[in-house]
Structures are given as C-alpha cells and as structure tokens.
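Topology and contacts: notes
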Amino acid sequence: MDDENESDYPLSEDEEEYLDLLLNNQLEEENGREYDFVPVLSSQGSCEDGSQSTVSTSASQDPLATSLYWKDDKDFDDGMKDPRTFSFKPEKAPGLQFGFLTRQSLKAFKKPVDFLYLFLTHQIVLQICIATNHHAEQLIAKGQNLSYSDSDGGWNQVTVFGIVIYMSIVNLPNLEKYWSRSPLYDASVVDKVMPIIRFKALLSFLQINCDPDKDDKLTRIGLLLDHVQNVSQSMYHPYEAVSVDERMVSSKHQYSGIRQFIRDKPIRFGIKLWVLADALSGYTYAFYVYLGKKRTVICQKSKGLAYNVVMELGKNIFQQGYRIYTDSFYTTQHLADDLLTKRTFLIGAVRRTSSAMPKQFKDIEQFEKCSARGDFRWHRANCFAYVQWRDCKTVTVISPIHRGSDVSYCHRTVNERKGFKKKKVVQPSVIHDYNTNMGVSINQTRC
C-alpha cells in the first residue's frame, strides 16, 4: 500500500474487522483465528513533537460507554443558579479581630508568649487559683495530703501561676533539676520563687472547675476548653472557605476512656477533636472533643454523628454565605440540603454508599472500564451538581455553587514506554476548588 493510501486508511483490514465485531458484541474466535491486538481507547491524545497535550477525544464517545449516563464539558450545565445568590456576606470583616486593642498595644506583640497572654487572661488564671484553693481545702479537711498543709494544718492560698510556663520554655531532664544546686543547673530561677514541696502541692491540688461532675469526662477542663474556643472566635473571623475534619492531640494517658486511635494520622494515639478551620490560614475557629460513641451527645440521632458534628461546628457562621468543605465521612444529602436552607454551601467528597451519591453514578466499575485518566461526567439534580472524575481512583463531589461542565487542568505523572512523564489532564473545576480548600493544616485530605 502506498503512502497516499496509508493516510486515507489509517486502520488495517484486521483492525477494522475487530472494531466491527466489537460494536456488534461479537468479539470471538472466527474460523480458528485469534486477534492478537487490542486497540486502546483513551481520552488522552498525544503530540508528535513530545509536548504536553490535552484531551482530544471524550470517552463519552466510546461505543462501550453508550449505555452509561454521561455528560462532560461538551454538555453545558445551564441549571446552576445565579452566582449572586451565593454571595459572601460575613458579619465581621474576615481576618484578625484586634479592634479592642490600641495601636500602641499591637506594637507590643513581638514574641509568641505575647499571643499566649491573649488566651491566658487574668480571669482564667483567677478561676484556676480559686478552684485550686477550694480543692486543696476540701482534701486537707478530709485528712488527705496533709504533708502539703501549713504547720497549723491549713492551706496557704495560691494567688498566681507562672512556673509551669517557665518550665515549658526551659526544659530540664526532670522536675528536681529545677531546684538543683549543681552548677550545671544554676541558671534556673524556680528555686528562688518557691520550694519544691510547695510546687508539688500545687500540682497535686491543681483544678480548673470548683464543682466537678464525675459523670462528665471533660468536667475538669471544660471551662478552659470553652474559654479557649471563645477567645479563638473573638480574635479571628474566617474567610469564605472553611473545612471540617478531625485532628489528634497527642496524649499518653490511658484510662480516661476517650483516648482514640487513628491509623492514618501523624499522631495515631491521643484525644480526637472535631475541627472547623479557615481554609486560607488553617486557623482553628471552632472545635470540640470526641468522647467516644456512647458518650458523645447527638442532637439528631436519625441523621448520624457526622451530620451533628458539622451543624454544631458551623452554628456561628450560618446565613453568611460560607462554603464548608468536608471529606466523604461527613457528606450526606441531608446535610447538604439543611446547610443550603441556612445559606451555607457544602462542597464534599461522596462515598459510594452515601445518600448524596446519585443513582446515575453508582455504576463505577463500568465507568472505570470505559474511561481514562482525566475523564469525568456530571449530573444535576435540583440545586446540586454532582461530578465524578477519573484520576488514580474515581472520586465524586457534590456542590451547589459550581457548574458541572466547567473544567480546569492539572498535571499528572504517567508511566510511558520511555519512562515517567508529566501530562496535562482535564480536571473539573469543582475538584480543583475542593483540593485547594480541603484539609489545609488539618489532614491534607485531597481527591
């Protein structure tokens, strides 16, 4: 066959016969002859000059995919509402809230400890002193810890704490070294403030709550947690995008009943927190402690723990046009609908078994057989766009504020015959937005 005929007929007769049989679902041995090749149907084009290429052929045109529900960037999504209805109108200007401080006071913030004093206020220190004195007097009156009492059997009232903060800055091998007379530790000033027996007494009697409740696991630190959260919210107002995720606080205690284990976290053992954080800075705006399956209070049990977590953390930002990004643990259709009524918009990854997964997308295995990396499809139901995208794995995202057909591009490393090479791959805009805003400084969750 000459060059002219090759350009007019790019497929050989065997290839054309294979495709005909494939379209008619009759691919099998005929006359004892097997077909030794399988054409690769891919959405990724290639450039002869070796440059990076974009999608040239949609997998939705694949004859194998004709039975699948499939809309991509060639099918314009005209069901999205007017973007002006998603406008962001916060109660306060986003960012730091230092309006209560004078310009001269702001200049004094030069060290980390200066910011610590914003949380360690005079009121909270006074509360700790009152609770500690109350607890010490109760125990000594019962005849306990008498070695820490005065010569007359009473308790010497504590008025201020500061040594513990000093010890957190100046680290020595053990507690006794701060009172050591050895020249190696002579720089310590702790022994000039109080004797070691007095310090051990304060550690023994230290309390935050005057009237602890034995049935409440957080009763001894509940007031401090509420204080820290209130100060956190008064000092900073988040920007438009916030994310909800879990965070582990390292802890070596073993017998509280609330210590958790999470395999994939940097800190695997500790106290588990639910956190609402600003996606731009990672600032923790709201949090609360997970007490376990049996002890955690759930207001609406029919909608599950994840639903209640998001509604509790976001209660102070509703009706302002915030965007809440969540991973697949939290995303349900109930949550998306209820947040929308509060003018708050959920952009979340969707599990296959979630109520937010549309029935059109549940044939994931068939979609993966007929698609290549970068292929996607979208579906719109009521106010929400659902987008399913094929990357290393297939991911699905729900959003009320994105157009399902909008796309951007990302780069992926692909293994080719000549080695690994970066290629430009189609990525739906909602996926790009999710990856940008989800999990900043929390868990780095990505699609």
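Refer to the preceding data block for the structure.
Residues numbered from 1 in each chain as written. Predicted model: local features only at pLDDT ≥ 70, side-chain atom pairs only at ≥ 80, totals over all residues. Heavy atoms only, no water.

Focus: the pattern of salt bridges
- This model, assessed by the stated rule, comprises 14 salt bridges.
- Between aspartate 82 and arginine 84 there is a salt bridge whose closest N-O contact spans 2.6 Å.
- In this structure, a network of salt bridges that share partners links the residues Glu240, Arg323 and Asp433. (Salt bridge = Lys/Arg side-chain N within 4 Å of Asp/Glu carboxyl O.)

Let's talk about a positive patch on the surface
- Taken together, the side chains of Lys217, Lys293, Lys294 and Arg295 make up a positively charged region of the molecular surface.
- With respect to the helices and strands, lysine 293 occurs in the loop between β6 (284-289) and α9 (304-313). (Patch = residues over 30% accessible without salt bridge, like charges linked within 9 Å, V, L, I, M, F, W, Y side chains within 5 Å. Areas by Shrake-Rupley, 256 points an atom, 1.4 Å probe, with all protein chains shown as cover. Lys, Arg positive; Asp, Glu negative; His and termini not counted. Charge placed at Lys NZ, Arg CZ, Asp CG, Glu CD. Helix = DSSP H or I, 4+ residues; strand = E, 2+ residues; numbered from the N terminus.)

A word on the nonpolar core
- By size, the foremost hydrophobic cluster in this structure holds 29 residues, and its most contacted members are Val244, Leu276 and Leu339.
- For this core, the secondary structure elements donating two or more residues are β3 (241-250), β5 (269-278), β6, α9, α10 (333-341) and β10 (384-390).
- For this core, the element with the highest residue contribution is α9, accounting for six residues.
- Ignoring sequence-local partners within four residues, the contact set of leucine 276 consists of Val242, Ser243, Val244, Tyr283, Thr284, Tyr285, Ala286, Leu313, Gly314 and Ile317.
- By size, the runner-up hydrophobic cluster in this structure holds 22 residues, among which are Met80, Phe345, Cys410 and Met438. (Core = buried A, V, L, I, M, F, W, Y, C linked by side-chain atoms within 4.5 Å. Buried < 20%, exposed > 50% of the residue type's maximum accessible area, 1.4 Å probe, protein only. Contact = heavy atoms within 4.5 Å.)

Concerning the side chain of serine 399
- The residue serine 399 is located in strand β11 (residues 394-399) in this model.
- Here isoleucine 401 takes part through its backbone nitrogen, which lies 3.2 Å from a polar atom of the side chain of serine 399.
- Leave out the neighbours within four places in its chain, and serine 399 touches Leu346, Ile347, Cys383, Phe384, Ala385 and Val430. (Polar contact = N/O pair within 3.5 Å; in protein donor to acceptor, adjacent residues only side chain to side chain.)

Thoughts on the environment of tyrosine 236
- Within the secondary structure, tyrosine 236 is located in strand β2 (residues 236-237).
- Residue classification places tyrosine 236 among the buried residues on the basis of a relative accessible area of 6%.
- Considering only alpha carbons, one finds tyrosine 236 and leucine 96, 140 residues apart in sequence, at a separation of 4.5 Å.
- Leaving out residues up to four positions away in the same chain, tyrosine 236 has contacts with Gly95, Leu96, Gln97, Asp278, Ser281, Tyr283 and Tyr285.
- Reaching out from tyrosine 236, the side chain makes a polar contact with the side chain of aspartate 278 at a distance of 3.0 Å.

Some words on the side chain of glutamine 233
- Along the polypeptide, glutamine 233 turns up in helix α8 (residues 222-235).
- A polar contact is formed between the side chain of glutamine 233 and the backbone oxygen of tyrosine 285, at a distance of 3.3 Å.
- Those residues in contact with glutamine 233 that lie beyond four places of it in its chain are Lys92, Tyr285, Ala286 and Asn316.

Looking at the environment of glutamine 260
- With respect to the secondary-structure elements, glutamine 260 resides in strand β4 (residues 259-261).
- Placed 12 residues apart in sequence, glutamine 260 and lysine 272 show a C-alpha to C-alpha distance of 6.3 Å.
- Other than its neighbours up to four places away in sequence, glutamine 260 contacts Met248, Arg268, Phe269, Gly270, Lys272, Tyr290 and Gly292.

Re the pairing of β11
- Burial analysis of β11 places six of its six residues in the buried class, which makes it a mostly covered element.
- With burial as the criterion, each face of β11 is covered, one bearing Thr394, Thr396 and Ile398 and the other bearing Val395, Val397 and Ser399.
- Bridge count for strand β8 (residues 345-349) against β11 is two bridges, and the pairing is antiparallel. Bridge pairing in β11 places alanine 349 opposite valine 397.
- Summarising the sheet, β10 and β11 pair through six bridges and their orientation is antiparallel. Residue pairing for β11: glutamine 388 is matched across the bridge by threonine 396. (Pairing = 2+ DSSP bridges.)

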